[in-house]
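Observations on the model geometry
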Amino acid sequence: MGQLLILVASVTTGCKADSLGTEIDGERVPVIDMHLHTGEWDSVGFASQEFIAGNLPFPINLNPEKSGNQILAPEGIVDELDKAGVSRGVLLAVYAPRTVGVTTNEQVIDNVAQFPDRLWGLASVRVDRWNDDREPQLAALREALESPGIIGVKLAHPHMHFRMDDSAYYGIYEVAGELAKPVYLHTGTSPFPGTSPEPPYTDPRYLEDAIQSFPETIFILGHLGFDAANKRHAGLAACVDLASTYPNVYLEASALGSKNSDPTGEILREGFVAIREAGVVDRLIYGSDGPQSPGFVNDYLNRTLIALDSAGYDLNEQRAVLAGNFARVFGVEVPKL
Ligand SMILES: [Zn+2]
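Helix and strand counts for the protein come out as 14 helices and twelve strands. Radius of gyration (C-alpha) of the protein: 18 Å, near the 20 Å computed for a compact globule of 337 residues. With respect to the principal axes defined by its C-alpha atoms, the protein has extents near 55 × 45 × 40 Å. Looking at the protein as a whole, 52% of its 337 residues are labelled buried. Sequence-distant contacts, at least 24 apart, represent 78% of the contacts inside the protein between residues at least 6 apart.

Counting buried residues along strand S7 (residues 119-123), five of its five residues qualify, which places the element largely inside the surrounding structure. Here S7 shows a buried face lined by Leu119, Gly121 and Ala123 and a second buried face lined by Trp120 and Leu122. Of the strand pairs in this sheet, strand S4 (residues 88-92) and S7 are connected by four bridges, and their pairing is parallel. Considered in S7, the bridge of Leu92 is made with Leu122. The pairing of S7 with strand S8 (residues 150-155) spans three bridges and is classified as parallel. Within S8, the position partnered with Leu122 by the bridge is Gly152. Viewed along the sheet, the connection from S7 through helix H6 (residues 130-145) into S8 turns out right-handed.

Every buried residue of helix H8 (residues 171-178) is listed here: Ile172, Tyr173 and Ala176. Projected down its long axis, H8 shows its buried positions confined to an angular sector of 95°, all on one face. Of the residues trailing H8, Ala180 is marked for its positive phi of about 55°.

Of all hydrophobic cores here, the largest spans 94 residues; its most connected members are Ala123, Val183, Phe219, Ile220, Leu221, Cys239 and Leu251. Of the residues forming this core, the biggest block, seven residues, is contributed by helix H13 (residues 296-310). Dropping the residues within four chain positions of it, Leu221 is found in contact with Leu185, Thr187, Pro204, Cys239, Leu242, Val249, Leu251 and Glu252.

Our next topic: the confidence of the model for the protein. It should be kept in mind that the predicted coordinates are not to be read in detail where pLDDT is low. Across the protein, pLDDT averages 92, with 95% of residues at or above 70. The model gives residues 1-16 a pLDDT under 50, and that stretch makes 22 contacts with residues more than four places away or in other chains.

Once that is clear, we can look at the packing of helix H4 (residues 74-84) against H13. Remark: H4 packs on H13, axes separated minimally by 7 Å, with the N-to-C direction vectors making an angle of 40°. With respect to the hand of their crossing, H4 and H13 are arranged in right-handed fashion. Touching Glu80, Leu81, Lys83 and Ala84 of H4 are Val297, Asn298 and Leu301, all from H13. A per-class count over the contact of H4 with H13 returns four nonpolar, one polar and two charged.

Quick look at the sheet that holds S4 now. One open sheet accounts for eight strands, arranged S3-S4-S7-S8-S9-S10-S11-S12; its pairing is parallel. Two strands lie at the open edges of the sheet, namely strand S3 (32-37) and strand S12 (284-285), each paired on one side alone.

A few words now on helix H5 (residues 105-114). What H5 keeps buried is the set Asn105, Gln107, Val108, Asn111 and Val112. Down the axis of H5, the buried set is contained in an arc of 160°. They therefore lie on one face.

Position of Asp227 among the secondary structure elements: in the loop between strand S10 (219-222) and helix H11 (236-245). For the pair formed by Asp227 and Asp79, sequence separation is 148 residues and the distance between their alpha carbons is 31 Å. Leaving out residues up to four positions away in the same chain, Asp227 has contacts with Gly188, Thr189, Arg232, His233 and Ala234.

Let us look at the environment of Gly194. Of note, Gly194 is situated in the loop between strand S9 (183-186) and helix H9 (199-202). Distance in space between the C-alpha atoms of Gly194 and Thr99 is 5.8 Å, their sequence separation being 95 residues. Beyond its immediate chain neighbours, meaning those up to four positions away, Gly194 contacts Ala47, Arg98 and Thr99.

This part takes up the environment of Gly295. Checked against the element boundaries, Gly295 lands in the loop between S12 and H13. Look at Gly295 and you get partly exposed, because 17 C-beta atoms sit within 10 Å.

Interhelical geometry of H6 versus H8 gives an angle of 25° and a closest axis separation of 10 Å. With respect to each other, H6 and H8 are oriented roughly parallel. In this structure, H6 meets H8 at a crossing whose hand is right-handed. Residues Arg134, Leu138, Leu141 and Arg142 of H6 form the contact with H8, whose participating residues are Gly171, Ile172 and Val175. For the contact of H6 with H8, the residue count by class is four nonpolar, one polar and two charged.

Cut-offs and rules
- Residues numbered from 1 in each chain as written.
- Predicted model: local features only at pLDDT ≥ 70, side-chain atom pairs only at ≥ 80, totals over all residues.
- Helix = DSSP H or I, 4+ residues; strand = E, 2+ residues; numbered from the N terminus.
- Rg over C-alpha atoms; globule rule 2.2 N^0.38 Å.
- Buried ≥ 20, exposed ≤ 12 C-beta atoms within 10 Å, placed from the backbone.
- Contact = placed C-beta atoms within 7 Å.
- Pairing = 2+ DSSP bridges.
- Right-handed = clockwise from strand over helix to strand, strands pointing away.
- Arc of directions from axis to C-beta.
- Core = buried A, V, L, I, M, F, W, Y, C linked by C-beta atoms within 7 Å.
- pLDDT = per-residue confidence, 0-100.
- Axes fitted to C-alpha atoms, helices over the stretch in contact; angles between N-to-C directions.
- Left-handed = near helix turned anticlockwise from the far one by under 90°.
- Nonpolar A, V, L, I, M, F, W, Y, C, P; charged D, E, K, R; others polar.
- Parallel < 35°, antiparallel > 145°, perpendicular 65-115°, else oblique.

The following block contains the structure:
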């Protein structure tokens, strides 16, 4: 047991914040990772536990609870950011009690407050009793969005089991727009059991009505509509069309390009090519969907840099994707190096 503790500690001890940034063409470029999961082992749900445990290397996988708690805690996440040279990360609240579990707004607010110069957070909202408690839930969301360091909203229709075009939930977009807090949405299927795979929950085209109805609200389409269950493109063309048509649509590519879902990186490269050809590089925002396992945040960044380069993104375009677009849309500064 003691040996395991030492091993876990040693793999999460990274370099310090004086060497942040990643090197591209001989220049150091700041990076913001907008998609990181935090929480506690006991509350993240069985499916998430299995996922994390399945990705842990031997021997730390022998005690997945301890390792999982460590990697999901803010200290562990900041260590992973340090190792990757990532200046700032964004932690996501999750309310999906039937699938991937719960990380409350309060946990995210507390975790962000521990590292206010390294972490921001996205709040979420409980929708599983929406008919009965819509107004108090929207009030709770509003309160969370007014907390320090909370800069946007996270939703995942397939995990939370509500249709993308169900106007009963449009109050969420209304609150987000009113407070100028961008909304990040999972698009595409989910690899987790118990999620809703049908098009109204996964196909980004079902968001078009909401995107049109709330032009002041920023919609960030996560995972580019990737069919994570079958590991292939599904909603890429829809995502690119929506971004080309509507100025309030942004894109994020996590899941594509990861070692598990896209070993050669070709799916991610194809996504980047489609975005560049459509002239919407100014909408693409970087996120890893980490921390997952020790070293993942760094590894996924490296895989993204390779895909950006092979998709023909020049230095300025890569700067925009890695931090500039995020800073503009969330109204924050690009981190100084
Ligand atoms: Zn995620």
